[in-house]
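Listed here are the chains, written in short residue letters.
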Amino acid sequence: MSSHAASGHIDHHHDHTTSTGIPNKKLFMWAFLASDCMFFGTLISTHLIYRLHPPPGSPDPKSIFSIELTSFSTFILLMSSLLMALAVNACQKGRVESTRKNLLGTIFFGLIFLACQVYEFSHFVHEKGLTLSNSTFGSTFYTLTGTHGCHVAIGVLWLILMYIRSFKPADADEGRPWIGKAVVHLLVFLVTIVASMSAMMSYTHIAAEHGWGAVGTFLSHHPISTAVTLAGVIALWALGRDKSTAEFGEANAIDVESMGLYWHFVDIVWIVIFTAVYLLEYV
Amino acid sequence: MDAAAQSQSLGHHAPVADRRPWYFTRPTAKTGLVSWLTTVDHKRIGLLYGISALIFFLIGGLEALLIRIQLAVPNNTFISHQFYNELFTMHATTMIFLAVMPLSAAFFNYIMPLQIGARDVAFPRLNGFAFWVFLSGAIILNVGWFVKSGAPDIGWFGYAPLTSLQYSTQFKGDASTDLWIMGLQVLGVSSVVGSLNFIVTIINMRAPGMTMMRLPVFTWMTLVTAFLIILSFPAITIALVELMMDRTFGTGFFEVSKGGLPILWQHLFWIFGHPEVYILILPAMGVISEVIPTFSRKPLFGYPIIVFSGATIGLLGFGVWSHHMFTTGMGTMATAAFALATMAIAVPTGVKMFNWIGTMWGGHIMTRTPMMFALGFLWMFMMGGFSGIMHSAAPADAQQQDSYFVVAHFHYVLIGGAVFALLAGIHYWFPLMFGRKVSEFWGKLSFWVIFVGFNVTFFPMHFLGLNGMPRRTAVYDGNMGWNSANLVATIGAFILAVGIGIYFVVILYTYFKGQKSGRDPWDGRTLEWAIAHPPAEHNFDTIPVVRARDPFFHEKHLAKDKPPAPPAEPHGIHMPSQSWFPIITALGLLVAALFYSYHHFTGAIAGGVLLFLGVYGWSHEGPGGYHIHLDEHSGDDSSHKAH
């Protein structure tokens, strides 16, 4: 149909089998993100309405927030967006190894963000006495940031699925062995996630209690979670050294790209939430 | 054609590029139960939607009949007040979410891809998923009838604080409200997923030459509706999440004692709820815009105007939600602004009315059954529109709010409008779907009985409302002057039920024994009439090339030259493979939501695990696919035979 198709040139943004030239998956993701805008718009408006009309006895957010920690996790999330962009770029150029590394990095940063949020939540509940049910501020704050956290968690799961898929062999007849490997991957990942989340929470806790300089004492206090995390990362790295030809590559770069759109969107929404929920309190 | 290709002529399917199965074998059966459970064919999914929607339409109608029996005479003790509350809640929820929306979705699924010359929707497995999720939501909503808690009893609007733990558990002590919350939430997933699929399909899967301004109007209205769904459902999703948090974790979103604002629920609900009204009526307008030109033997008058007015209705639909809240005391400015915006919607709607009338003007009108329903639509939708404009004036609305006048209005719009159009659509596309044609006598008889029954039921409600009879009230006193109008309405409801009964019997009879329609019985205008009746699995033997706005009619009657050769598909027609994962994933969602409704968190987590496994398998399974090789001489695409 088209002269471009015959030339062998791969254009990642134009699919000649669709009416518009935009790949279906990309269009789908844009439409979904439009829907998600309304989703977060509703949540953020709910929060702002209750901030503008606080019932008597509402807590002062500034006495609860730890703006340093949240700024740090915001920075981390932005860095994960950078790695996601690098993963998409690598996949479009067919560099599978580099894609895998950058996907892992994105997952890692996403997990740090989640750990910061889990720490923040438990800190607010136990130290600052802000719960879901004792004020409308708590209700809207935890629901809004928690929903964003769910989006990040879903994104991390999606990244993991994509990472595992990157080992699927190109040759269909090669068949089953990779599945065992995929399952091992998944298990190692789950263990590593749990261990690293626990390690991250402890790290954050020590840093918040004793300052960032005290992080050095961490190893002596939490050897198991650290060791399991390290072992998990090494195991994943070893499993990742798979040199057989993967199905993964330029042809399905759109899968990574649409996942990237989702990830960037979640980051952008966080910037809005960070501004509306945290920063505006300090104006 | 070589011998190997010959052996794979139409009907023989050669799996290609399919991965070796690893969870379980990927189904290939084309008939039988498994083929329906694992189907990814948009036509089959459309039929599944249609059949479920019609069943729920009957259930919703039964609920309405019980309501009307209770109201037939004053001080009636036919049913308890509690049961009455359950009935009006479930009647509305069923009719909106389980009857009219899925019936529209049935046509979106079945007809829209055919109208744009596509082989399937953009994401066939996701399409199957949307249906099974819809069925899950329907089950969750209705499970209350069969368990101790009873069905939801909070109205389809679920106003706070009726839904708070304090009030909604006063009588029953458990889960009916949670069933309503989770049921709607699951239905929302289905609608949004389905709509995203339709949006991508319409924008990306059009046949060569099918520009946006050549799209059939039904497809255009599908697109507008899909956008309304993806942009309005998130509002109720969040509202339901917040309500769920209130009920499960003791948050204070809508709890006055904790500083919550019940009016916030109304805002969030109607930001969804008002666009929802257009989600129900725009597909109906699309059907009418197909039926009227076909049976007037004229192209649609003012096609661009009808497209733009549809889009305008969609846009304005988001700006008028607070006209449902004139009596909540929003203040003069807000009330005036929403009143004006609401009146503005009458303009594009009126424009559409004139377009349809203009189409019939000077046309050669054939009063076949679908056209009869379309004419009924014009008449009654206009009446519903007039009473709608009356509500948009805030002072008048202050009198009419929550009275039977409102009930009369929205039944004129939703039955006289949406349901009549969808009943017209069933008759109109029946020959295409099943190759059989409904008897004109019995079709018209059902139309007249439905038409008379409907008007006898709902016209008196205008007077009841203006005389002050409130909605949602199970009994009334005999001295209020409402007795005779109520009795007439109940008699009308039974006439309407008889008409609907005739309609269903006629449809079933036609399906099994009806007269064969032959191809293209209405001398159709759009692409869906170019293919076999009923359609083959692959829809089109060759994807048509579109050269005009009514492409099939153009090639049949108007074109002077032969149409250009359609692009060849040298490797055969590629079709997507069936899959178990859509139904497995939907089952996970059903289990999770159902257990969550009963606050049984272990069960909910088990459902979540099943959901995750479904997604995991789905992501590794790949789209698969196989090729259909057509025998050179079996190609009988009549769009190219008409010459």
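Just so it is clear, the structure is predicted and the values come from calculations on it, not from any experiment.

Looking now at the overall build of chain B. The number of helices and strands found in chain B is 19 helices and 5 strands. A compact globule built from 643 residues should have a C-alpha radius of gyration of about 26 Å, and chain B, at 25 Å, falls within 12% of that. Summarising the internal contacts of chain B: among those between residues at least 6 apart in sequence, 83% fall at separations of at least 24.

Now for the interface of chain B and chain A. At the interface, 40 residues of chain B touch 40 residues of chain A. Approximately 3700 Å² of surface area, both sides summed, lies buried where chain B meets chain A, with 71% of it carried by carbon and sulfur atoms. The tally of links between chain B and chain A comes to 0 salt bridges. There are 10 residue pairs in polar contact (both at pLDDT 80 or more) connecting chain B and chain A. Elements that contribute at least two residues to the side of chain B that touches chain A include exactly helix H7 (176-204), helix H8 (217-249), helix H9 (262-296) and helix H19 (601-621) of chain B. With 10 residues, H8(B) is the largest single contributor of residues to the side of chain B that touches chain A. Grouping the constituent residues of the side of chain B that touches chain A by class yields 25 nonpolar, 10 polar and 5 charged.

Residue and element names in this part refer to chain B. The tally for this structure, following the rule as stated, stands at 17 salt bridges over all chains. For arginine 525, the salt bridge is made with aspartate 550, and the minimal N-O distance between the two is 2.8 Å. Taken together, the residues span a long stretch of sequence, with arginine 525 in the loop between strand S3 (515-516) and helix H17 (551-558) and aspartate 550 in the loop between S3 and H17 at a distance of 25 residues. With respect to class, arginine 525 is no different from aspartate 550; both count as buried. The partner of glutamate 555 in a salt bridge is arginine 547, and the shortest N-O contact between them spans 2.8 Å. Residues joined by salt bridges that share partners form a network here, namely Arg297, Asp520, Asp523 and Lys556.

This brings us to unusual backbone geometry. Glycine aside, residues mostly have negative phi angles, and peptide bonds mostly take the trans form. All names here are of chain B. In this structure, proline 161 follows alanine 160 across a cis peptide bond, with omega equal to 0 degrees. With respect to the element layout, proline 161 can be found in the loop between helix H5 (124-142) and helix H6 (165-168). In this chain, histidine 533 is followed by proline 534 through a cis amide linkage whose omega measures -10 degrees. Examined against the element boundaries, proline 534 turns out to sit in the loop between S3 and H17. Phi at arginine 472 is positive, roughly 60 degrees, even though this residue is not glycine. With respect to the helices and strands, the residue arginine 472 is situated in the loop between helix H15 (440-466) and helix H16 (483-513). Classification of arginine 472 as partly exposed rests on a relative accessible area of 26%.

What follows covers the nonpolar core. In this structure, Phe97(B), Trp265(B), Trp356(B), Phe377(B) and Trp429(B) are the most contacted members of the largest nonpolar core, which totals 193 residues. Discounting residues that sit within four places of it in the chain, Trp356(B) has contacts with Met285(B), Ile288(B), Ser289(B), Ile292(B), Leu300(B), Ile306(B), Phe377(B) and Leu378(B).

Residue and element names in this part refer to chain B. Note on placement: histidine 411 falls in helix H14 (residues 404-434). A polar contact is formed between the side chain of histidine 411 and the backbone oxygen of valine 407, at a distance of 2.9 Å. Those residues in contact with histidine 411, other than ones at most four positions away along the chain, are His91, Gly416, Phe454 and Phe458.

Quick look at the confidence of the model for chain B now. When pLDDT is averaged across chain B, the result is 90; 93% of the residues are at 70 or more. In this model residues 632-643 of chain B is a low-confidence stretch, pLDDT under 50, and it forms 25 contacts with partners more than four residues away in sequence or in other chains.

Before going further, it helps to examine a nonpolar patch on the surface. Residue and element names in this part refer to chain B. On the surface, Leu340, Met343, Phe386 and Ile389 cluster together into a nonpolar patch covering about 400 Å² of accessible area. Looking at the nonpolar patch, the elements with two or more residues in it are helix H11 (332-360) and helix H12 (369-392). Along the chain, the position of leucine 340 falls in helix H11.

Conventions we followed
Residues numbered from 1 in each chain as written. Chains lettered and ligands numbered in written order. Predicted model: local features only at pLDDT ≥ 70, side-chain atom pairs only at ≥ 80, totals over all residues. Heavy atoms only, no water. Helix = DSSP H or I, 4+ residues; strand = E, 2+ residues; numbered from the N terminus. Rg over C-alpha atoms; globule rule 2.2 N^0.38 Å. Contact = heavy atoms within 4.5 Å. Buried area = accessible area lost by both parts, 1.4 Å probe. Salt bridge = Lys/Arg side-chain N within 4 Å of Asp/Glu carboxyl O. Polar contact = N/O pair within 3.5 Å; in protein donor to acceptor, adjacent residues only side chain to side chain. Nonpolar A, V, L, I, M, F, W, Y, C, P; charged D, E, K, R; others polar. Buried < 20%, exposed > 50% of the residue type's maximum accessible area, 1.4 Å probe, protein only. Core = buried A, V, L, I, M, F, W, Y, C linked by side-chain atoms within 4.5 Å. pLDDT = per-residue confidence, 0-100. Patch = residues over 30% accessible without salt bridge, like charges linked within 9 Å, V, L, I, M, F, W, Y side chains within 5 Å. Areas by Shrake-Rupley, 256 points an atom, 1.4 Å probe, with all protein chains shown as cover.

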